[in-house]
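Geometric and topological summary
Residues per chain are reported as follows:
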Amino acid sequence: MLALLSVSNKEGVVPLAQRLVRLGYKILSTGGTFEALSKAQIPVVAVAEHTQSPEILHGRVKTLHPKIHGGLLGRPEREDDCAQMLAHGISPIALLAVNLYPFVETVLKGAPPEEVLEQIDVGGPAMIRAAAKNAQNVMVLTNPADYSRVLKELEENQGRLSHATRAYLQRRAFEHTAAYDAAIATWMQKRDEEDFPETLALSFERAQNLRYGENPHQRAAFYRSKIQPDGPSTAFSRVLQGKALSYNNLLDIDAALSAVLEFPQGPAAVIVKHNTPCGVALGATLEEAFRRAKEADELSAFGGIVALNREVDAACAQSLCSLFLEAVVAPTYSTEALALLATKKNLRLLETGAWAKTPPMQVDYRSISGGLLAMDRDAWAPHADWKVVTRRTPTPEEMEALKFSWKVCKHVKSNAIVYANAFQTLAIGGGQTSRVDSAQWAAEKGGAKLKGCAVASDAFFPFRDGVDVVARAGASCIVQPGGSLRDSETVAAADEHNLAMVFTGVRHFRH
């Protein structure tokens, strides 16, 4: 029996070969794998000797030969296959262990394009696909994690492998080559600055199975990109303590992290419930920012998810411990902070690592039945093009409050209305089917503290009724995209209430 071992990741390959030899296999190998097995004093035959065809083109052609692919694709149950194999001196290969050139690793280290291209494996995927196509006759191993399982079954069953295990290995093989091809296509699309290619190839690996999805009757899993993005990322954050992350935790953590990234200029805190902010605040310290975010809506903050944009120190940790929270995500934590937070054993702590850079423009994906939607992430932020449309111009203090509330409103479910001052949200309304309902609901929640505040609306007011609501609530200024057929009515309403109003020309829907 022949086994062909040719692996880039050599983890476990020596023990694999040793046990295969004991099971009666003759080992074929190439390149670095051949050297590793020879050094371990394992009997091994070079593929070039087996095929009587030397490696050529600096190793680019090694295994592309009928004696290899005929050995992998031949079907012993067919007489005509056996006759042809005999006529051409082709021996069947019963086991193939191959994993592919380190393409992703080469990309991640920032190698130049010519080096990356050399890591596109040709012979490896061809052999894997051939073996997997003929899985009833060939065992195909593409992941070192599967070596022990297969060897144990072979040793316990007189060299036989069950149909179920062969099917499992077949699926793993095609998953391996599919992910590899997707990584190559993705790299080329980025190289060519093609964000919306004709064919979208995505590759993610399962990071963990989740207990359930949004509800206990729904199955769920968490998948992570094979390539870590620049800047802070929910998927690549390190979990320091707490219960296992849930589906809803991950969604809320990502929403909170995305919102806090809006405020790099100073300490900031965001508290999220059900994928929308309930409190956002700035402060001279991180503790002050968190305290203000909590005070913005203490009822909703209970059981929330917190994102912070500076290292968590002892003072902030002490304040975090005063409230029941599901999770906290931050760049780093001081030793003292970790000791304090450790008393909250179920509290999930995530560390993104230092924020050396702001995340680059990304593409967001959302699934629909039978399809996928892709769009640029909503990263628009400039204020230079804002246009004052009322008789009264916002004061400098009001303008700062408008800028703050505008940044927050794009993270609130539409129809989004945010009441805020320059450093703290005061009331947030969103997810309603009418904008005036969002404005009214948030006004009732904010009460007397809304006097003199700014209001942000993620899209235009279709009627003046929304302006009337926020004016009655005590707001002094409004920022909104404009663009309604009734803009003149809303501007007139603002003038009637002596409100300052600016148009951004850009909306921030979040469905």
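Note: the structure precedes this text.
Nothing here was measured: the structure is a model prediction, and the numbers come from that model.

Conventions we followed
- Every chain's residues receive numbers from 1 upward, in the order its sequence appears when written.
- Under the rules for a predicted model, residues below a pLDDT of 70 receive no local features and side-chain atom pairs below 80 are neither given nor counted, while totals for whole chains, interfaces and linings still include all residues.
- No hydrogens and no water enter the side-chain calculation; it runs on all heavy atoms of the structure.
- The numbering of helices and of strands both runs from the N terminus, where a helix is a DSSP run of H or I of at least 4 residues and a strand a run of E of at least 2.
- Within these notes, the globule rule equals 2.2 Å times the number of residues to the 0.38 power, and the radius of gyration is based on C-alpha atoms.
- For the exposure calls, accessible area comes from a 1.4 Å probe over protein chains only, and a residue counts as buried if that area is under 20% of its type's maximum, exposed if over 50%, partly exposed in between.
- Contact between two residues is taken to exist if any of their heavy atoms lie within 4.5 Å; hydrogens are not considered.
- For accessible areas, the Shrake-Rupley method is used with a probe of radius 1.4 Å. Any residue's cover is judged against the shown protein chains and nothing else.
- Between any two strands, at least two bridges found by DSSP are needed for them to pair.
- Throughout, an axis means a line fitted to C-alpha atoms (over the contacting stretch in the case of helices), and angles, computed between N-to-C directions, take values from 0 to 180 degrees.
- Each patch groups residues whose relative accessible area exceeds 30% and which form no salt bridge, using 9 Å between like charges and 5 Å between nonpolar side chains of Val, Leu, Ile, Met, Phe, Trp and Tyr.
- Salt bridges are defined by distance alone: a side-chain nitrogen of Lys or Arg within 4 Å of a carboxyl oxygen of Asp or Glu.
- Each nonpolar core is a collection of buried residues, namely Ala, Val, Leu, Ile, Met, Phe, Trp, Tyr and Cys, held together in the definition by side-chain atoms within 4.5 Å.
- Each angle receives one of four descriptions, namely roughly parallel if under 35 degrees, roughly antiparallel if over 145, roughly perpendicular if within 65 to 115, and oblique otherwise.
- Residues are grouped as follows: nonpolar covers Ala, Val, Leu, Ile, Met, Phe, Trp, Tyr, Cys and Pro; charged covers Asp, Glu, Lys and Arg; every other residue, Gly included, is treated as polar.
- Crossing handedness: left-handed means the near helix sits turned counterclockwise from the far one by under a right angle, and right-handed means the same turn made clockwise.
- Two aromatic rings, drawn from Phe, Tyr or Trp (for Trp, its six-membered ring), form a pair once their centres lie within 6.5 Å of each other, and the interplanar angle then sorts them: stacked below 30 degrees, edge-to-face above 60, tilted otherwise.
- A positively charged side chain is recorded as over a ring if its NZ (Lys) or CZ (Arg) lies within 6 Å of the ring centre. The angle to the ring normal must also be within 35 degrees.

1. A look at the overall build of the protein
Regarding its fold elements, the protein presents 19 helices and 21 strands. Rg of the C-alpha trace for the protein: 30 Å, well past the compact-globule value of 24 Å for 511 residues, more than 25% over. Counting over 511 residues, the protein shows a buried share of 48%. Here the analysis covers contacts within the protein between residues at least 6 apart in sequence; of these, 54% occur between residues at least 24 apart. Within the structure as shown, the protein displays about 25200 Å² of accessible surface, and the carbon and sulfur contribution to it stands at 52%.

2. Structural notes on the sheet that holds strand β9 (residues 268-273)
Spatial strand order, β8-β13-β12-β11-β9-β10: six strands in an open sheet with mixed pairing. Because the sheet does not close on itself, it has two edges, and the strands there are β8 (238-241) and β10 (276-282). Neighbour-to-neighbour, the strand axes of this sheet turn through a mean angle of 20°, independent of strand direction. As defined by bridge partners, strand β12 (residues 325-330) adjoins strand β13 (residues 348-351) across four bridges and the pair is classed as parallel. Following the sheet pairing, Val 328 is matched in β13 by Leu 349. Against the sheet, helix α12 (residues 286-296) makes contact with β9, β10, β11 (304-308) and β12, and its axis sits at roughly 140° relative to β10, the strand it touches most.

3. Observations concerning a nonpolar patch on the surface
A surface patch of nonpolar side chains, amounting to about 540 Å² of accessible area, comprises Leu 200, Leu 202, Phe 204, Tyr 223, Tyr 365 and Leu 372. Structurally, Leu 200 is set in the loop between α10 (163-191) and β6 (204-210).

4. Some thoughts on the nonpolar core
Membership of the largest hydrophobic core comes to 51 residues, with the highest contact counts inside it found for Leu 5, Leu 20, Tyr 25, Leu 72, Leu 95 and Leu 96. Within the second largest apolar cluster, 41 residues are counted, among which are Phe 222, Ile 305, Val 329 and Ile 428.

5. Structural notes on the packing of helix α1 (residues 13-22) against helix α9 (residues 147-156)
At a closest axis distance of 11 Å, the pairing of α1 and α9 adopts a crossing angle of 10°. The angle between α1 and α9 falls in the class roughly parallel. Contacts between α1 and α9 involve Val 13, Leu 16, Arg 19 and Leu 20 on the former and, on the latter, Tyr 147, Leu 151, Lys 152 and Glu 155. Taken together, the residues that form the contact of α1 with α9 break down as five nonpolar, no polar and three charged.

6. Observations concerning the pairing of strand β17 (residues 417-420)
The alternating pattern of β17 places Ile 417 and Tyr 419 on one face and Val 418 and Ala 420 on the opposite face, and all of these are buried. Here β17 runs beside strand β18 (residues 425-429); their pairing, made up of four bridges, is antiparallel. Residue pairing for β18: Val 418 is matched across the bridge by Ile 428. With antiparallel pairing between neighbouring strands as the criterion, β17 and β18 make up a hairpin whose turn holds four residues. The pairing of β17 with strand β19 (residues 454-457) spans four bridges and is antiparallel. Bridge pairing in β19 links Val 418 to Ala 456.

7. Some details on the pattern of salt bridges
Side-chain pairs of opposite charge can arise whenever the charged atoms involved come near each other. Tallied over the entire structure, the rule returns 24 salt bridges. Residue Glu 351 is joined to Arg 238 by a salt bridge in which the shortest nitrogen-to-oxygen separation is 2.9 Å. Here Arg 238 lies in strand β8 and Glu 351 lies in strand β13, a separation of 113 residues in the sequence. What makes Glu 351 buried here is its relative accessible area of 14%. Using a relative accessible area of 51% as the deciding quantity, one classes Arg 238 as exposed. Note that Asp 495 is salt-bridged to Arg 391, the shortest N-O span being 3.8 Å. Placement of the pair is Asp 495 in helix α19 (residues 487-496) and Arg 391 in the loop between β16 (387-388) and α16 (396-409), with a sequence separation of 104 residues. What you see here is one network of salt bridges that share partners, running through Arg 464, Asp 468 and Glu 496.

8. Quick word on the packing of α9 against α10
One can describe the packing of α9 onto α10 by two numbers: an axis separation of 12 Å at closest approach and a directional angle of 155°. On the basis of the axis angle, α9 is roughly antiparallel to α10. Of the two possible hands of crossing, α9 and α10 adopt the one that is left-handed. Only Thr 165, Tyr 168 and Leu 169 of α10 make contact with α9, whose side of the interface consists of Arg 149, Val 150 and Glu 153. A per-class count over the contact of α9 with α10 returns three nonpolar, one polar and two charged.

9. Section: the sheet that holds strand β2 (residues 26-29)
Read from one edge to the other, the open sheet built from five strands follows the order β3-β2-β1-β4-β5, with strand pairing classed as parallel. Bordering the open sheet on either side are β3 (45-46) and β5 (139-141), each of which pairs with just one other strand. Direction of pairing for strand β1 (residues 2-7) relative to strand β4 (residues 93-99): parallel, over a ladder of six bridges. Looking across to β4, one finds that Ser 6 is bridged to Val 98. With respect to the sheet, helix α4 (residues 66-73) is in contact with β1 and β4, its orientation differing from that of β4 by roughly 110°. Against the sheet, helix α8 (residues 123-133) makes contact with β1, β4 and β5, and its axis sits at roughly 140° relative to β4, the strand it touches most.

10. Considering the environment of Gly 74
If you trace the backbone, Gly 74 turns up in the loop between α4 and α5 (79-87). Relative accessible area serves as the criterion here: at 10%, Gly 74 is assigned to the buried category. Taking the C-alpha atoms as reference points, Gly 74 and Met 85, 11 residues apart in sequence, are found 7.3 Å from one another. Apart from residues no more than four positions distant in its own chain, Gly 74 is found in contact with Asp 81, Met 85, Asn 134 and Asn 137.

11. Some remarks on unusual backbone geometry
Asn 415 follows Ser 414 through a cis peptide bond whose omega is -5°. The residue His 274 is not glycine, and still its phi comes out positive at about 50°. By secondary structure assignment, the location of His 274 is in the loop between β9 and β10. Here His 274 falls in the exposed class, since its relative accessible area comes to 69%. One non-glycine residue, Asn 498, adopts positive backbone phi at about 60°.

12. Here's the deal with the packing of aromatic side chains
A full pass over the atoms with the stated rule returns five aromatic pairs. Between the aromatic rings of Phe 103 and Trp 187, the centroid separation amounts to 5.9 Å while the plane-to-plane angle is 85°, which identifies the pairing as edge-to-face. Placement of the pair is Phe 103 in helix α6 (residues 103-108) and Trp 187 in helix α10, with a sequence separation of 84 residues. Of the residues examined, Trp 187 reaches a relative accessible area of 14% and is grouped as buried. Arg 149 extends its terminal NZ or CZ atom over the ring of Tyr 168, reaching a point 4.2 Å from the ring centre. For Arg 292, the ring lying beneath its charged end belongs to Phe 423, and the centroid distance is 4.0 Å.

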